[in-house]
Amino acid sequence: MTRATEHPRVILVAGSTRTAEIDGISAAGASRDARLHTPGADAELLTYGEVVRAPAVPVSPNGCPTPALVTRTVRERVGFDVTVIDGGLARPTGAPTVTVGARPGNDIREPDPVQTAPGAFTAARELGRGLPDERIVVGETIPGGTTTAMAVLKALGEARIDPSSSLPENPIDLKRRVVREAFEASSFEPGQAAHNPEQAVRFVGDPVLAVAAGLVAGALESGTEVVLGGGTQLLAVAALVRHAGVPRRATLATTRYLADDVSGLREAAAAFDLDLVVSDPGFDADDAGPLAAFADGVAKEGAVMGGALRLADEADRLDEVTDATLGLLDRVVAGGDESKGRRARDDYDVKGDRGEGDDSGHSNDRRGGPGGDGGVDRGP
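Residues numbered from 1 in each chain as written. Predicted model: local features only at pLDDT ≥ 70, side-chain atom pairs only at ≥ 80, totals over all residues. Heavy atoms only, no water.

Draft legend 1. Just the side chain of Asp-107, in detail. On the secondary structure map, Asp-107 appears in the loop between strand E3 (97-99) and helix H3 (117-130). Polar contacts involving the side chain of Asp-107 include one to the side chain of Arg-109, which spans 2.7 Å. When residues no more than four places from it in sequence are discounted, the contact partners of Asp-107 are Arg-18, Thr-19, Ile-22 and Pro-113. (Helix = DSSP H or I, 4+ residues; strand = E, 2+ residues; numbered from the N terminus. Polar contact = N/O pair within 3.5 Å; in protein donor to acceptor, adjacent residues only side chain to side chain. Contact = heavy atoms within 4.5 Å.)

Draft legend 2. Layout of the pairing of strand E1 (residues 9-14). Most of E1 is tucked away: six of the six residues are buried. Every second residue of E1 is oriented toward a common face, with Arg-9, Ile-11 and Val-13 on one face and Val-10, Leu-12 and Ala-14 on the other, all of them buried. Inspection of the sheet shows E1 paired to strand E2 (residues 81-86) by six bridges, in the parallel sense. Across the sheet, the residue bridging to Arg-9 is Asp-81, located in E2. With six bridges joining them, E1 and strand E4 (residues 135-141) adopt parallel strand pairing. Within E4, the residue paired with Leu-12 across the bridge is Gly-139. (Buried < 20%, exposed > 50% of the residue type's maximum accessible area, 1.4 Å probe, protein only. Pairing = 2+ DSSP bridges.)

Draft legend 3. Main features of the nonpolar core. Among the nonpolar cores identified, the biggest contains 70 residues, and Leu-228, Val-237 and Leu-274 are the most heavily contacted of them. Ranked by residues supplied to this core, first place goes to helix H7 (residues 207-221) with 11 residues. Apart from the residues within four sequence positions on either side, Leu-228 is in contact with Val-138, Val-216, Leu-234, Val-237, Ala-238, Thr-251, Leu-252, Ala-253 and Leu-274. Counting 44 residues, the second-largest nonpolar core is a separate cluster that includes Val-82, Leu-89, Phe-283 and Leu-309. (Core = buried A, V, L, I, M, F, W, Y, C linked by side-chain atoms within 4.5 Å.)

Draft legend 4. Geometry of the pattern of salt bridges. Within this structure, the stated rule accounts for 21 salt bridges. For Glu-221, the salt bridge identified is with Arg-125, shortest N-O distance 2.5 Å. You can see Glu-221 sitting in helix H7 and its partner Arg-125 sitting in helix H3, a full 96 residues away along the chain. For the salt bridge of Arg-249 with Asp-273, the shortest nitrogen-to-oxygen distance reads 3.6 Å. Of this pair, Arg-249 sits in the loop between helix H8 (232-243) and strand E6 (250-255) while Asp-273 sits in the loop between helix H10 (265-271) and strand E7 (274-279), and the two are 24 residues apart along the sequence. (Salt bridge = Lys/Arg side-chain N within 4 Å of Asp/Glu carboxyl O.)

Right under this line is the structure:
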């Protein structure tokens, strides 16, 4: 098989879990309705550099813009191919997507919340085995995903660290309670899903974990170099891959902000045979504007940001990311008018509630995986 070598491929797995609707558990969007659109909006930002079908640029209630803006900025600076995989989107996206049969996940406190997990894992594994790339960078976008990652790690018997959070103060007690209630609903015991990753995700996880883990497992099995761009959710992906019996090493690329926040990160990465690399884009500088929210802990990772920053660092362009991301933020906030965008950014308060977009139930995808036709969706 001939492999592509010119650019790495960044793969974003985008999906939804109703766990994100629990009050206080996620800030990946300014409201419940906005969180439903966050994964599709992130996919559009990576693909087009602007939102197309989503109602707004995702932003936390604290005013922190989506990490997808940083990933898109790096793409514009160093160049890489983007593939978006539908990992159970609850709202349609204007970005082209590859489908593997995933459906949106239910609240993990309900029995059997991710029924499509086994089939989506298998289909994604087949996709990963067939990729033509020498190197891929894999990341996720799913509000509520740190809580489901926590539950999956516990189901595997790998509860080594507490998850990070998109909130300034990690609601860890709430997450622990939700995870405890998830196990009560599933009749699972911690560690019972060891060496059975599909069942761990099906009963206490989310569809993005199933898809990302299957994809990474298949890619590693075919000899592809894999970089996991993210934080504790990607650690859960690595754990699922190891429990699927795939021993090849991978790399975890994350931000300084997450690495400083999560105790035991290096030990956990080593336990899952991951090489840990940490990038610092300098968002704590005086002129970083709203990007300082990342350094302040409002958000620390997501939408492949850590992986993209690693690519910028390798290209010796990491010092360009802050100014370039602020320029992109100007453009997307003001619809292309940069002078207007600078004024908007100075008083940055995007609410993420410009309407609900197309909630008609029509999607731009053709469902794949077991029981479906598969394929690549070309968007509008």
